[in-house]
Each structure stands twice: as C-alpha cells, then as structure tokens.
Amino acid sequence: MEVEALRSHFSLLFFSFSISYVVFAVLVEFLRIRPWWCNCAVCQAYVTSSWAADFDNLCDWYTHLLRTSPTRTVTVHVLGCTVTANSDNVEHMLKTRFDNYPKGKPFATILGDLLGRGIFNVDGDLWRFQRKMASTELGSAAVRAFASRTVAAEVGGRLLPLLDVACECGRVLDLQDVFQRFAFDNICKISFGLDPGCFELSLSLSEFAAAFDKATRLSARRATHTIPLIWKAKRLFNWGSERELREAIGLVDLLAKEVILQRRKLGFASDQDLLSRFMGCVDNDKYLRDIVVSFMLAGRDTVASALTSFFMLLSRHPAACTAIRDEVELIVGNSQALPSCDQLRKMHYLNAAICESMRLYPPVQFDSKFCLDDDVLPDGTFVRKGTRMTYHVYAMGRMEDLWGSDWAEFRPERWLRHTGAFTPESPFKYPVFQGGLRVCLGKEMALMEMKSVIASVVREFDVEVIEGNRPPKFAPGLTAIFSGGLAVRVHRRKGGASHTGLDARTQVLRWC
Ligand code: HEM
C-alpha cells in the first residue's frame, strides 16, 4: 500500500514538473523578441511553404528574395533571422565585429546533442583551445605531407579500382555515396590516424553513415521551426523526429567511441595525428567524442558534396573537361603515377574550375551567427540583439552585382588572369570556406584532396551523369547533399591504365 502511495506521489511530482517546465518554456518563448506570427509576404511564404510552388529548393527562394532586395538583406521575422548576401555585411560579421557575432547559445542548443562542445559549436576559450591545436596540426609540413600520401593511397588503392570495376560490369554508381566513403576514409586516416577498415563495429559502416546523415538532417531541421518550443517539447518527451534523432546520435556515439578506443589500443603518445594530440591533453571521453564527431562532419560531407557537384557540372561542360585533361597532361606527362602535390599546385585551371563549381554549389550553403548587442550593418540594416544573422553563401554565388551578368554560367576563366594564373577572390565575397577569424582550417587539405581525385579520374575515365540536366534537389541538412545522390556510368578512356589487380579488388569490396 505504501509503495502504491509512493508511486502515485512520484507520478504526480513528475507530471507537475513536466507541466511547470512546459509553462516556463512557453513564457520564455513568448518573452523573446521574435514574433511567433507575422503577416508579411516573406513570413507567410515561409510558414505556408508556398515558396515551393515556384522554387525547387529553399536556397533558390532565398536567392530570389536577396536578389530583389536593394540592400541584399532580408529578415524572416518568424525565424528571428536576418539573411544577407551583401559582402560588406559578411566582412562586418566575420571580421570587423567578430566579437558581436559568436555562434551563440541558441545555435549551441540546436546542434548541442550532436556536436556537443566540438569546435563548430563553441565560442570563447573552448573554441580557442581547439582552434589552436587543430591549426598547429593541420598547418604543419609533416601533416600536409602525410595527408597528401594518404589521399594518393586512397585514390590509387580504392577509388580508381572501384571505378574500374564499375566500368567492367557497366554498373550504375551513386557517385555521391562513393565520395562520402572516400572522404570518410581520408578524414579518419588523417585526423585520427585510423583506417575505418580496422574498426570493430556491431553494425556495418554504411549503417553508421546512414545514422550520421539522419542525425545531421534532423539537427538542422530544429533550426527551421518557427516555434523552437515544439522540438524542445518533443525532445523532452522523446517523441517522433526527436526520438529518431536520439537513436541516430546513439549510433554516432558508438562510432566515435570506437575511434577513441582504437586510438587508445594503438597508443597515442607517440603518434602525430590530431586525435592523439588532443588525447595527450584532454582526459574527458565525452569531450573527445565531440571533437571526433566535429572532424568527421568537417571532412566527410563537405568534400563529398563539392566533388559530387563538380562532376555534375563537368558532365554539362565538356570544354572544361578537355581543358582540365590538357592541363593534367601538360604537367604530369605520360607518367602512370598519380599527380604529386607539387604538380597539383601547378594546376591553375583545375583550381579555377573547383572554385567556380563551389561558387554555384557551395557545400555549406549558408552559415549563421547570433547578434550579441544591437548593431547596424554596413548596408544600414538594424540588427536587434538576439537575432540570428545568416550569410547566404549559395545566394552570394548567384548575385549579378558580385559576379557580373554571366553569373549563371560555369566559367572557370573568371578566376584566371590573362597569364593563366589563378587569382583568389575576397573571402567575404566568396565565403565558401567562411572568412575572418573562423576561416575553415581544412581548406588547403580539401583543395588538395579534390584536385587529386579530379586530375586522376578525368585522366582515365569519362563520367557520364545519368539524366544529368535536371536541376539538383538538395536534402535538408548541414551540408549540401543531393537527395537521391548522383547516378553515373563510368567508361574507361583509351589508354587508361587498369587498376583491377587482385589486391585492388579486395580493397574495393569494402566500399561496395
Ligand atoms: C570543400 C570542403 C570544405 C568546405 C567547403 C568547408 C567549409 C567550411 C565552413 C563554411 C566553415 C565554417 C563553419 C562554421 O563556422 O559554422 C568551416 C569550418 C571548419 N572547417 Fe571546413 N570546409 C571544408 C573541408 C574541411 C576539411 C577537409 C576539414 C578537415 C580537417 C575542415 C575543417 C574545418 C574546421 C576544423 C572548421 C572550424 C573552424 C573554426 O570554427 O574555427 N574543413 N569549413
């Protein structure tokens, strides 16, 4: 009887606590500056999703809004978000008034379950510590050389043999999936000193990859709610998408745990990879898990997305493909060896083609910060304290005032001087790798990785994109992933070397 009474007391207590929490959260939500309802045309189009009648992707709708705004800045009141495609505003946020535009607490809450205290999700000392460690590591000559050897081994030992096998059996490949596996292997080897082939996991790597995709997609979805209380309540009661997210993050945790375990097994004191360095000064496994997940996210989807859209564009621009082949032949000659780092550095046209492709299809389509104190942007827009301030990279690559009237054309030449030398653009006009104090730390590595893949693949294969002229549809998420992937058929070019030795076939099996 006493147990029964205790149980009903406990239930009552839990019930009252939940109700009080919900009432408290509702109050907090309503006291915020953000209106939860707004009749303006932009907010109505957002709330009712009527934009979808005219645009394939949300990013295309934002591009249209920003193009028609005289300041290239718009506000979506129901999201408490100001979006800009104005390069002066971007410089203001990322450099001039960096301290007024941190990631902020709301962002940390939205991505907190997935990224925890990893570099993407923190400000202040936690960010400075991780940035210092990572930039020392990724900037060192030894790591650059190691990264270049690793990428060459992945290209020669796994990627090219896989394409060979696909050629032989006339198989249709999802190129996006192939590049995700390739980029995942690379980031694990370079950042953690581990080959995913050695992981001892209860599920296959593709099941973990699917969980990773789901976790990023559902985390990003939180930011699209006009009333954040909805996802917070769902999380509290472990309902629907929030339950799915919790399960997916559970698998991501298992994968990160395995990475840390393997690194410990192999010993980390003498190793030079990024994770070993962090392990030398961090003894908190949850913090190490957050660091591992952030680097997986940084290195896998961004590079895979950039390579996938590159091959999609190349299939529509045969002249650019010929120009890349000519450049590779001129620099590498008839040698069967993969291009070296020095040779890749000399490929100016290829560099230009990659930048041009990411102008139209940036892997990170937009990025947000939070305004700490009331501010006025260079274009005169007033930004109230607590506003989410987003710079829209995808829209910026499509602005006539930034790129000229031929902005819609894929034209690598716009990045080349008359001498043929590559000329970079201001990172605030082209914030594909962000700019200012939090500029991407993996930029050079990513460019080397992409050049190595493209130079090696176009030399030996023709990549035919199946039904390649449809505009791509992006899956919602933190990076630009094509929903449905990119279906291709690969054909070996005359004189292309075969990579299908027995050894290579065994390697390929892991990716099939
Ligand atoms: C094409 C490939 C890539 C693109 C387009 C890209 C783009 C970006 C962008 C836009 C940010 C800013 C994100 C934010 O603050 O919210 C960023 C940050 C970062 N990226 Fe990359 N990235 C790429 C590849 C890589 C790779 C391969 C690494 C590998 C190590 C990497 C490591 C990082 C790190 C550590 C940061 C955080 C910097 C900080 O907050 O101080 N990225 N990247």
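None of these values were measured; they are calculated from a predicted model.

(A) Molecular detail of the pattern of salt bridges. Using the criterion set out here, one finds 32 salt bridges in the structure. Linking R277 and E137 is a salt bridge whose minimum nitrogen-to-oxygen distance equals 2.4 Å. Placement of the pair is R277 in helix α12 (residues 274–281) and E137 in helix α6 (residues 124–139), with a sequence separation of 140 residues.

(B) Geometry of the environment of L160. Residue position: L160 is located in helix α7 (residues 141–168). Residues L160 and P431 lie 271 residues apart in sequence; the distance between their C-alpha atoms is 32 Å.

(C) Local environment of the sheet that holds strand β11 (residues 487–492). Here we have 3 strands laid out as an open sheet, ordered β3-β11-β8, and antiparallel in their pairing. What marks the edges here is a single partner per strand, and that holds for β3 (173–174) and β8 (461–465). Direction of pairing for β3 relative to β11: antiparallel, over a ladder of 2 bridges. Bridge pairing links D174 to A487 in β11.

(D) Looking closely at the side chain of R459. Examined against the element boundaries, R459 turns out to sit in helix α19 (residues 443–460). Although R459 is buried, it makes no salt bridge; E460 carries the closest opposite charge, 5.3 Å away. When sequence neighbours within four positions are dropped, the list of residues in contact with R459 reads V328, V332, G333, N334, S335, Q336, A337, P339 and R493.

(E) Spotlight on the UniProt feature "binding site: heme" (unreviewed entry) in the protein. Residues given the UniProt feature "binding site: heme" (unreviewed entry) here are C440. With respect to the element layout, C440 can be found in the loop between α18 (400–403) and α19.

(F) Just the site of the ligand, in detail. For the ligand, the set of nearby residues contains 24 residues, the closest of which are K103, W127, R131, D367 and C440. Between the ligand and W127 there is a distance of 2.7 Å, counted from an oxygen atom to a side-chain nitrogen or oxygen. A distance of 2.7 Å separates an oxygen atom of the ligand from a polar atom in the side chain of R131. For the shell around the ligand, the secondary structure elements donating two or more residues are α6, α13 (285–316) and β4 (367–370). If you tally residues by element for the shell around the ligand, the top one is α13, at 4 residues. Residues that form the shell around the ligand fall into these classes: 15 nonpolar, 4 polar and 5 charged.

(G) Structural detail: the side chain of S357. Mapped onto the fold, S357 is located in helix α16 (residues 348–360). Among residues more than four places away in sequence, those in contact with S357 are A306, S309, F310, L313 and F410.

(H) Highlighting the packing of helix α8 (residues 175–192) against α19. For the pair α8 and α19, the least separation of the axes is 12 Å and the interaxial angle reads 135°. Between α8 and α19, the angle falls in the class oblique. In this structure, the crossing between α8 and α19 has a hand that is right-handed. Residues F179, F182, A183, N186 and I190 of α8 pack against M445, E449 and V453 of α19. When its residues are assigned to classes, the contact of α8 with α19 shows 6 nonpolar, 1 polar and 1 charged.

The rules we used
Residues numbered from 1 in each chain as written. Predicted model: local features only at pLDDT ≥ 70, side-chain atom pairs only at ≥ 80, totals over all residues. Heavy atoms only, no water. Salt bridge = Lys/Arg side-chain N within 4 Å of Asp/Glu carboxyl O. Helix = DSSP H or I, 4+ residues; strand = E, 2+ residues; numbered from the N terminus. Pairing = 2+ DSSP bridges. Buried < 20%, exposed > 50% of the residue type's maximum accessible area, 1.4 Å probe, protein only. Lys, Arg positive; Asp, Glu negative; His and termini not counted. Contact = heavy atoms within 4.5 Å. UniProt positions renumbered as here; feature names shortened; annotations may be inferred. Near = heavy atom within 4 Å. Polar contact = N/O pair within 3.5 Å; in protein donor to acceptor, adjacent residues only side chain to side chain. Nonpolar A, V, L, I, M, F, W, Y, C, P; charged D, E, K, R; others polar. Axes fitted to C-alpha atoms, helices over the stretch in contact; angles between N-to-C directions. Parallel < 35°, antiparallel > 145°, perpendicular 65-115°, else oblique. Left-handed = near helix turned anticlockwise from the far one by under 90°.

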